[in-house]
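# Summary of the model geometry
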Amino acid sequence: MAEHRPDCSVPVARPRVGLVAAVVVAALLPFGVAEAHPQAAGSAHTDTEGDEHISAIDTVPVGRRIASSPQTAAIPGTYVVVLRERPLATYRGSVPGYPATRPPPGRRFDAERSAVRLYRSYLLDRQRAVLDSIANPATLYSFTAAVNGFAARLTSAQVKQLRTSPDVLVASRSVLRKVESAGAGGSASRWSVPAATLPAETGGAGLVIGFVDTGIWPENPSFAGLPMDRADMTRRVPGFTGSCEQGERWEAGKCNSKIVSAQYFLKDFGAGRLSSAEFRSPRDATGHGSQTASVAAGNSGVAVSIDGQDFGHIGGVAPQARIAVYKACWSAPDPGGDGCRTADLMAALDRALADGVDVLNYSVDGSAETFDDPIQLAFANIADAGVFVATAAGDNGPESGTVGHPAPWVTTVAASSVLGYEGRVELGDGTTLTGAMASNEDVPAARLVAAATSPAAGFERSEAAHCGPGTLDAAEVSGSIVICERGSVPRLTMSHSVRESGGIGMVLLNTRPRTSVFADLHSVPTVQLGVVDARRISRYVRAHPHPTASLARSPNRAAATQPAAVPRMAGFSSRGPARASDDVVKPDLAAPGVNVLGAVAPTADGGRLWDLSSGTSMASPQVAGAAALVKAAHPAWSVPAVKSALMTTATPVGHGNIVLAAGAGELDPSAARDPGLVYDTAPHQWWSMMAAAHVTYGDGTPVSPRRTSPSNVNQPSVAIGTLVGRRSVTRAVTNVADRREVYSIGVSGLRGVDVAANPSVFTIGPGETVRYRLTFAANARATDGTFEAGTVIWNGSLGHQVRTPVAIRPVAVDARPELAADGSHGKLDIAAVSGTNGVTHLRLHGLVGSPATPLVLLPHTLDVVDPTADGTAPVATYVVPPRTGAARFAVSTSRSGDVDLYVYRNGRLLASATSGHPHEVLTLERPRPGRYQVFVTAPRSSNDSLLFASYHGWVVPAHVVGRSADVPAALALVNGKPLDGTLRWHGLGTGEQWFGYLSYGASRTRSYVTITP
């Protein structure tokens, strides 16, 4: 292959190019790698590390992006395909002859209505037509309620055909999702109260909570109920049409007046992938689904004893709600294969809505990148149909930008931490340290031994410190309290190792800041300490030749039925900002997720009926239960109103204002039933917001032609990802109380942002709605590119306090991300606006030239796993050095053509652009060093003839280069005003296209520049 002349400014980036018959029908991309689409606003994150970022050309200002779905490339396999016609949940009657099927406000979805049956047949006909167009592949599921679509096993060519079809909204590969769990650990739910303390009408009576999870263990007393057949169920829960599906160790009689439906979905996961301990039925094999169900809706007053230890009486948040089970998550022989396949999850969600659930709990991980993957689309329709959806925020904290389920139509729940079970370590010098302890057995004063100083023969001190199996010297630790450090060894394994070595107690030390302490059910009495106390005990051991300690339950130990101390955020709980859009506050609120007591599956838990676990998956069902309480008390309230009530009555968490970790704060179910004001979002705002991500339904449903920013959706929170000058948002609140009240505004936090409200005081009567405007402007205390968090508080004259979390990110410069011009000589105004006052240092990186590489492409299927195996060759190869600022690869053909672009790094597919358009561009911001290969393919052309295309590629170093262009070294910044600067160039070679980028001082903002002489 011929060597191209390397650009003089990038001596180590040597592209190899040539004429290639590059061939593919669709992109193949491993799970976790995203595909970027030039026509979609936003960026697609991939399997990159550090600061590397991959995007398509984007003309949306930084901070106002809404990412469209980063579809995985078209590896043959199972795909979830969503069509454009509205599903049963939200269809409003736009097709002649087919009446509306969306349930009326305050009513559950009724699958038995004649209009529903009629429109379902129409949707199935439409699905058959699409399947006919791709030669009728094997279909696993058909969806009509939550979405209109299907799950099918597709070839690459079929995927590509569907993605370019006007009938198709999304074609997304089915992938493995995980249930959210931070691991074993324990304290009762803060609201595990006997049902007798709750009025019968507010305990969730008459409502059904659906759980998409690992199933349920029906014999647990938390789920006891009267035997009930289908007729009984219909009589007890009018309009609910769920069924009890038989299977392994599950007869129809397992359902009762508590568990009113139980079904399972296995077609995509596959029976051949199940572990030997799994059940092909709704029966829970891991305990996760049983625990979420018991936390949300378990029976009240259930006595709990674990390993002979009395844990008192517990109950779910909504103990009178019914439970509907939709098992879509499974265990595999290798725990790494455990999880839930997208197609099975979609089938479960579709069935749950069709059955008529009122609330859904979804403690499964989800996309952090987009609002419009099939699961999020299903949730949008489910919420539009009146079903409240609680989702787990994720267990990937404390890093920022890790929160999943970013869509505003779901309530995304973070995990807080409280010491519901406290214990103390009393050192020999009289010092007392407090931590988490589940055991009720005290350990009298004994020798205190650091495991790191007592390694068994053949083990290093560093290995012994983590108390792994066999790492401790029994002669040294026998009869002692052993200090172990957290690390890669599971917590329960550590205490087992201590016991096997003769230890009588354990002190478990956290070694990293912002990590939670867990009250696990250990093999020996154990107190787990946070980082500060861990350092104190370590200093004590080093300073005393004969250290001693005792372990005891704290005298202030919280009972399982009592609220605990002021909570803090769990270290593992995922944080915002939401990567799908930084104009959304996520998570929405928090609930206790550390040390939560609930029902489990005894086959997976040593015969126990209950255990203690941690994770946002344990926090989410508490919000689901609280939503059932609110819906039971206010059946006419919409889903957004219920969400608003839960958020605006939440209580602060920890110290300071941590909106991007806790959202509105910690759940307070009792206060949520009387919020005073609610923010009621019209669902059309959701769909208008989706239009900004190029997702629109095609059935004539009214959608605002104005693409709504998430900042302007009437949510009980406010986020502005990019604040320059002054920015206003409008909100509307409705009085749901029975008395007229005067509200005045207050602001907490937001140190670097000034806030003005209009009006700042208003009077509102029952049922009335008042609109107000909030205007934000950065002040001198703002930090460029850093979120300022706080709370807007409406204080009512009758005692209501309506709290709205706010996250604002002031930026020094907001620049247009793409600048383009023609000519070998010329100038171009800098398209940027100042967000502060002062000076910014402007730099031009590049320009780097790239000659056009002509390509002759013959339609052919590419082996994307090993593209060279089928005889194709890369269009270009680059050695990208460290400290590279950007790389861009672009290909174009005639208007009637279609080209795809694939980028590999070190032999692994990194990203692809396969939009079905004649132009594809991928941009890598701060790419990692490595050997990059670019393949260009033609998935189709007219009459399968040759397709002629043109390719360009650029690698731009981070340091300033180029002698043919210049910009002013410094520009004055005047808040809210355009930057007065000009890019000038001269003498650019006409045989090349030139590319680089502008940077603005220390800001992460950049503008890409393309000049065609």
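On a predicted model such as this, the values are computed, not experimentally measured, just so you know.

## Focus: the overall build of the protein
- Of regular secondary structure, the protein possesses 15 helices and 55 strands.
- For the protein, buried positions account for 63% of its 1013 residues.
- Sequence separation of at least 24 residues holds for 76% of the intrachain contacts in the protein that already meet a minimum separation of 6.
- Accessible surface for the protein amounts to roughly 35,400 Å². Of this, 51% is attributable to carbon and sulfur atoms.

## Notes on the pattern of salt bridges
- Tallying each qualifying case throughout the model produces 28 salt bridges.
- Glu818 is the salt-bridge partner of Arg888, the closest N and O atoms lying 2.5 Å from each other. Here Glu818 lies in strand E39 (residues 818–822) and Arg888 lies in strand E45 (residues 884–893), a separation of 70 residues in the sequence. For the pair Arg888 and Glu818, one class covers both residues: buried.
- One salt-bridge network, in which partners are shared between bridges, spans Asp307, Asp605, Arg608 and Asp611.

## A few points about the environment of Arg177
- Mapped onto the elements of the fold, Arg177 is located in strand E6 (residues 176–177).
- Residues Arg177 and Cys329, 152 residues apart in the sequence, show an inter-C-alpha distance of 8.5 Å.
- If sequence neighbours within four positions are ignored, Arg177 has contacts with Asp338, Gly339, Cys340, Leu345, Val364, Asp365, Gly366 and Ser367.

## Focus on a nonpolar patch on the surface
- Among the surface-exposed residues, Leu858, Leu946 and Phe948 lie close enough to one another that they form a single nonpolar patch of about 310 Å² accessible area.
- We classify Phe948 as exposed; its relative accessible area is 57%.

## Observations regarding the confidence of the model for the protein
- On average, residues of the protein carry a pLDDT of 85, and 86% of them reach 70 or more.
- Confidence drops under a pLDDT of 50 for residues 183–202, and excluding neighbours within four residues, the segment shows 80 contacts in the predicted structure.
- The low-confidence segment residues 693–706 (pLDDT under 50) makes 35 contacts with residues lying over four places distant or belonging to another chain.

## Considering the state of the cysteines
- Inspection of the entire model under this criterion finds three disulfides.
- Residue pairing for Cys244: its cysteine sulfur links by disulfide to Cys255, the two sulfurs lying 2.1 Å apart. Judged by the sign of its S-S torsion, about 90°, the bond between Cys244 and Cys255 is right-handed. Here Cys255 lies in the loop between helix H3 (230–236) and strand E9 (259–264) and Cys244 lies in the loop between H3 and E9, a separation of 11 residues in the sequence.
- By relative accessible area, which is 4% here, Cys255 ends up buried.
- Here Cys329 is linked by a disulfide to Cys340, with a sulfur-sulfur distance of 2.1 Å.

## A closer look at the packing of helix H4 (residues 288–297) against helix H11 (residues 616–633)
- For the pair H4 and H11, interaxial distance at closest approach is 7 Å and the crossing angle is 35°. In this structure, H4 crosses over H11, and the sense of that crossing is right-handed. On H11, the residues that touch His288, Gln291, Thr292, Val295 and Ala296 of H4 are Ser617, Met618, Pro621, Gln622 and Gly625.
- Residue classes in the contact of H4 with H11 are distributed as four nonpolar, six polar and no charged.

## Here's the deal with the sheet that holds strand E53 (residues 982–985)
- An order of E40-E53-E51 is seen for the three strands of this open sheet, with the pairing classed as antiparallel. Looking at which strands have only one partner, the edges of the open sheet turn out to be strand E40 (826–829) and strand E51 (965–966).

## Here we look at the environment of Gly315
- Counting through the fold element by element, Gly315 comes out in the loop between strand E11 (309–314) and strand E12 (322–327).
- Judged by its relative accessible area of 5%, Gly315 is buried.
- Here the alpha-carbon distance between Gly315 and Asn299, two residues 16 residues apart in the chain, equals 5.2 Å.

## A few points about the packing of helix H5 (residues 342–355) against helix H6 (residues 374–384)
- It is at 10 Å that the axes of H5 and H6 come closest, and there the two elements cross at 5°. If you check the angle between H5 and H6, you find them roughly parallel. Residue-level contacts link Thr342, Leu345, Met346, Leu349 and Leu353 of H5 to Pro374, Ile375, Ala378, Phe379 and Ile382 of H6.
- Along the lines of polarity and charge, the residues of the contact of H5 with H6 split into nine nonpolar, one polar and no charged.

## A closer look at the side chain of Arg108
- Tracing the sequence through the fold places Arg108 in the loop between strand E2 (77–83) and helix H1 (114–133).
- On the basis of relative accessibility, which here comes to 18%, the residue Arg108 falls in the buried class.
- Side-chain polar atoms of Arg108 contact the backbone oxygen of Gly206, separated by 3.5 Å.
- Contact partners of Arg108, with chain neighbours within four places excluded, come to Pro103, Gly206, Leu207, Val208, Val237, Pro238, Gly239, Phe240, Gly356 and Asp358.

## Points about the packing of aromatic side chains
- Scanning all chains against the criterion turns up 19 aromatic pairs.
- Seen in terms of ring centroids, Phe762 and Trp794 are 4.9 Å apart; in terms of plane orientation they differ by 55°. Their pairing is tilted. Of this pair, Phe762 sits in strand E34 (residues 761–764) while Trp794 sits in strand E36 (residues 788–796), and the two are 32 residues apart along the sequence.
- A relative accessible area of 6% means that Phe762 is categorised as buried.
- On the basis of relative accessible area, Trp794 is assigned to the buried category, the value being 0%.
- The ring of Phe518 has Arg491 lying over it, and the distance from NZ or CZ to the ring centre is 3.8 Å.
- One residue, Arg888, lies across the ring of Tyr1008, its end atom 5.2 Å from the ring centre.

## A short note on the nonpolar core
- Counting residues in hydrophobic clusters, the biggest one holds 131 residues, and the most contacted among them are Trp409 and Leu646.
- Ranked by the residues each element gives to this core, the list is headed by H5, at nine residues.
- Those residues within four positions of Trp409 in sequence are excluded, and the remaining contacts are Phe371, Gln376, Phe379, Ala380, Ala383, Trp686, Met689 and Met690.
- Within the second largest apolar cluster, 25 residues are counted, among which are Ala876, Ala911, Ala949 and Val955.

## Observations concerning the pairing of strand E52 (residues 970–973)
- Along E52, the buried face is formed by Leu971 and Leu973; none of Ala970 and Ala972, which line the opposite face, is buried.
- Summarising the sheet, strand E42 (residues 838–851) and E52 pair through four bridges and their orientation is antiparallel. Looking across to E52, one finds that His841 is bridged to Ala970.

## Focus on unusual backbone geometry
- Residue Pro587 is bonded to the preceding Lys586 through a cis peptide linkage, with omega at 0°.
- In this fold, Pro587 is placed in the loop between strand E25 (568–569) and strand E26 (589–592).
- The amide bond that connects Gly846 to the next residue, Leu847, takes the cis arrangement and shows omega of 15°.
- Take Leu847: it is sitting in strand E42.
- The phi torsion at Arg249 lies on the positive side, around 55°, for a residue other than glycine.
- In this structure, Arg249 sits in the loop between H3 and E9.
- Of note in this structure, Asp307 is not a glycine but carries a positive phi near 50°.
- Along the chain, Asp307 falls in the loop between strand E10 (302–306) and E11.
- Residue Asp307 is classed as exposed on the basis of its relative accessible area, which comes to 57%.

Calculation notes
- Per chain, the residues get numbers from 1 upward, laid out in the order the sequence is written.
- Given that this is a predicted model, residues contribute local features only at a pLDDT of at least 70 and side-chain atom pairs are listed and counted only at 80 or more, while totals for whole chains, interfaces and linings are drawn from all residues.
- Side-chain metrics rest on all non-hydrogen atoms present in the structure, leaving aside hydrogens and water.
- Runs of E in the DSSP output that reach at least two residues are strands. Runs of H or I that reach at least four are helices, and both are numbered from the N terminus.
- Relative accessibility thresholds used throughout: buried, under 20% of the residue-type maximum; exposed, over 50%; partly exposed, between the two (1.4 Å probe, protein chains only).
- Residues count as neighbours in contact if any of their non-hydrogen atoms are within 4.5 Å of one another.
- Accessible areas in this description were obtained via Shrake-Rupley with a 1.4 Å probe; residue shielding takes into account the shown protein chains only.
- Criterion for a salt bridge: a side-chain nitrogen of Lys or Arg within 4 Å of a carboxyl oxygen of Asp or Glu.
- Like-charged residues within 9 Å of one another, or nonpolar side chains (Val, Leu, Ile, Met, Phe, Trp, Tyr) within 5 Å, are grouped into patches, provided each residue has over 30% relative accessible area and no salt bridge.
- For every residue, the predictor states its confidence as a pLDDT score lying anywhere from 0 to 100.
- Disulfides are defined as pairs of cysteine sulfur atoms found within 2.5 Å of each other.
- With axes taken as lines fitted to C-alpha atoms, and helix axes fitted only over the stretch in contact, angles between N-to-C directions fall between 0 and 180 degrees.
- Each helix crossing is assigned a hand: it is left-handed if the near helix lies turned anticlockwise from the far helix by less than a right angle, otherwise right-handed if that turn is clockwise.
- Polarity classes work like this: nonpolar for Ala, Val, Leu, Ile, Met, Phe, Trp, Tyr, Cys and Pro, charged for Asp, Glu, Lys and Arg, and polar for all others, with Gly in that last group.
- A pair of strands counts as paired when DSSP detects no fewer than two bridges linking them.
- Every angle not falling under 35 degrees, over 145, or within 65 to 115 is termed oblique; those three ranges are roughly parallel, roughly antiparallel and roughly perpendicular.
- We call two N or O atoms a polar contact when they sit within 3.5 Å, provided that within protein one can donate a hydrogen and the other can accept it, with sequence-adjacent residues counted only if both atoms are side-chain atoms.
- Pairing of aromatic rings covers Phe, Tyr and the six-membered ring of Trp, with a centre-to-centre limit of 6.5 Å; geometry is then stacked below 30 degrees between planes, edge-to-face above 60, and tilted otherwise.
- We count a charge as sitting over a ring when the NZ of a lysine or the CZ of an arginine lies within 6 Å of the ring centre and within 35 degrees of the ring normal.
- We call a set of buried residues a nonpolar core when its members are Ala, Val, Leu, Ile, Met, Phe, Trp, Tyr or Cys and they connect through side-chain atoms within 4.5 Å of each other.

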